[in-house]
Amino acid sequence: RLFRQSPEQRVPLPAPAHHEQALSQRSLRTMTAPRQPFVPCPYSLRYVGADRAVPDDRTLACIRFGKGLPAHDDPRVIDVGLAPLGALGAQLWQSELPVRHGRDDGIGYAENGELLFGSLRLEEPELAHMDHAAFRAYVRMDRLLQKFGYPCWLRVWIYMADITHGEGDAERYRQFSLGRHRALSLKPGFELNLPAATAIGSHDSGLVIYFIAAKSPGVQIENPRQVSAFRYPREYGPRSPSFSRAMLKHWSDTTHLYVSGTASIVGHESRHRGDAARQLEEVHNNLQALVQNAQRQLACDPSHTARPLALKLYLRDPGLMHALRPLLPRLFGADTPILCLEGDICREDLLLEMEGLYALPVSAA
Ligand code: 3EB
């Protein structure tokens with residue numbers, strides 16, 4: 001066997017949400033609280049053009065991609081300095097429930113009783129010691145999660161300038177991984193419940209992190225085609241990157257899979273150096289294997305396929321976009337919304353990376 005079976009794949013899983021159980025909970029809730037509508041999922045997500053990136057009272061987060069964006073002071077508006085490669089330039093997370101939002105210890109937050117969305121920005125002076133900056137950021141974020149009653153990380157996005165700047169272990173990305181590991185490893189057993197993550201380089205300055213957290217934990221999913229990132233060998237840095245390949249989360253009547261940034265990596269090695277089309281195909285293979293692994297762990301009927309709700313493509317060289325664009329509908333489905341962004345991958349030999357959110361069919365069997 002090329003890949004070791006990782007122990008988290010042997011961890012017993014919580015029982016999948018049972019349709020009948022969900023139904024009886026629904027009627028119970030309706031009886032005891034007739035005015036409370038049944039909430040199938042606490043949010044919806046969509047990509048929009050930059051002109052429609054405006055929050056309203058049901059917005060959890062409004063993520064704007066690009067440079068030179070107009071100023072704002074809404075804690076739910078998150079600016080990421082990656083140039084969009086197409087008409088879509090922003091992402092809206094809309095809540096089905098009333099939203100409370102504000103700022104706490106410099107962290108913008110919004111929550112609706114089921115999901116907490118948070119974001120923070122660090123400026124360059126603090127990033128001179130990237131490991132310390134990452135450590136402090138994770139400690140602050142975790143304090144916020146505890147304080148607001150959402151102790152369970154689901155998904156983290158990290159965007160930093162000059163991600164591959166620095167030689168060897170001094171590289172910014174490796175120093176970030178070091179500080180992140182130091183913070184997350186304060187909890188015993190942390191590698192059995194790591195959030196899914198993306199870490200991408202921008203061409204502006206500073207560091208933006210945004211994240212979602214819940215009241216009860218998700219289920220960590222690894223990829224049988226890839227060595228778990230938290231087990232990467234020493235050659236990739238002094239501490240391994242603390243993220244899971246995906247996080248599975250049961251909401252009231254749907255199950256979502258938050259898929260981490262996924263590159264053309266098999267085992268732990270980069271594949272198809274210099275060939276963007278083949279890297280995209282390898283990413284597709286990795287995503288398929290990961291989603292299938294999640295379905296297997298849920299005991300899903302394999303004839304019911306997972307549905308991608310939203311994908312992102314990060315591309316190092318925007319000039320490659322025209323060659324890749326025709327491949328996207330073929331590989332990922334003509335109706336799948338895909339936001340394409342210019343961004344640096346944290347390994348120099350990789351040209352692209354994809355992430356996504358999938359809805360999984362949960363069988364009642
Ligand atoms: C990889 O598979 C590619 O450090 O949080 C992807 C997703 C990558 C998340 C992170 C890094 C991270 O190793 C790089």
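Scoring rules and cut-offs
Residues numbered from 1 in each chain as written. Predicted model: local features only at pLDDT ≥ 70, side-chain atom pairs only at ≥ 80, totals over all residues. Heavy atoms only, no water. Buried < 20%, exposed > 50% of the residue type's maximum accessible area, 1.4 Å probe, protein only. Helix = DSSP H or I, 4+ residues; strand = E, 2+ residues; numbered from the N terminus. Pairing = 2+ DSSP bridges. Near = heavy atom within 4 Å. Polar contact = N/O pair within 3.5 Å; in protein donor to acceptor, adjacent residues only side chain to side chain. Areas by Shrake-Rupley, 256 points an atom, 1.4 Å probe, with all protein chains shown as cover. Nonpolar A, V, L, I, M, F, W, Y, C, P; charged D, E, K, R; others polar. Contact = heavy atoms within 4.5 Å.

## So, the pairing of strand β17 (residues 338-342)
Piece 1. Along β17, five of the five residues are buried, which leaves the element largely enclosed by surrounding structure.
Piece 2. Side chains Ile-338, Cys-340 and Glu-342 project from β17 onto one buried face, and the interleaved Leu-339 and Leu-341 project onto a second face that is buried too.
Piece 3. Judged from the five bridges that link them, strand β16 (residues 307-315) and β17 form a sheet pairing that is parallel. In the strand pairing of β17, Leu-315 is matched with Glu-342.

## Describing the site of the ligand
Piece 1. In the vicinity of the ligand, 13 residues are found, and the nearest of them are Tyr-173, Arg-180, Tyr-232, Arg-245 and Gly-261.
Piece 2. In the environment of the ligand, an oxygen atom lies 2.7 Å from a nitrogen or oxygen atom belonging to the side chain of Arg-180.
Piece 3. For the ligand, whose free accessible area comes to 360 Å², the fraction covered by protein is 99%.
Piece 4. Mapped by element, the contributors of at least two residues to the shell around the ligand are α4 (172-184) and β9 (196-202).
Piece 5. Tallied by class, the residues present in the shell around the ligand amount to eight nonpolar, two polar and three charged.

## Side note on the environment of His-101
Piece 1. Locating His-101 in the fold gives a position in strand β5 (residues 100-104).
Piece 2. For the pair formed by His-101 and Thr-59, sequence separation is 42 residues and the distance between their alpha carbons is 9.4 Å.
Piece 3. Apart from residues lying up to four places away in sequence, His-101 is in contact with Pro-75, Arg-76, Tyr-109 and Ala-110.

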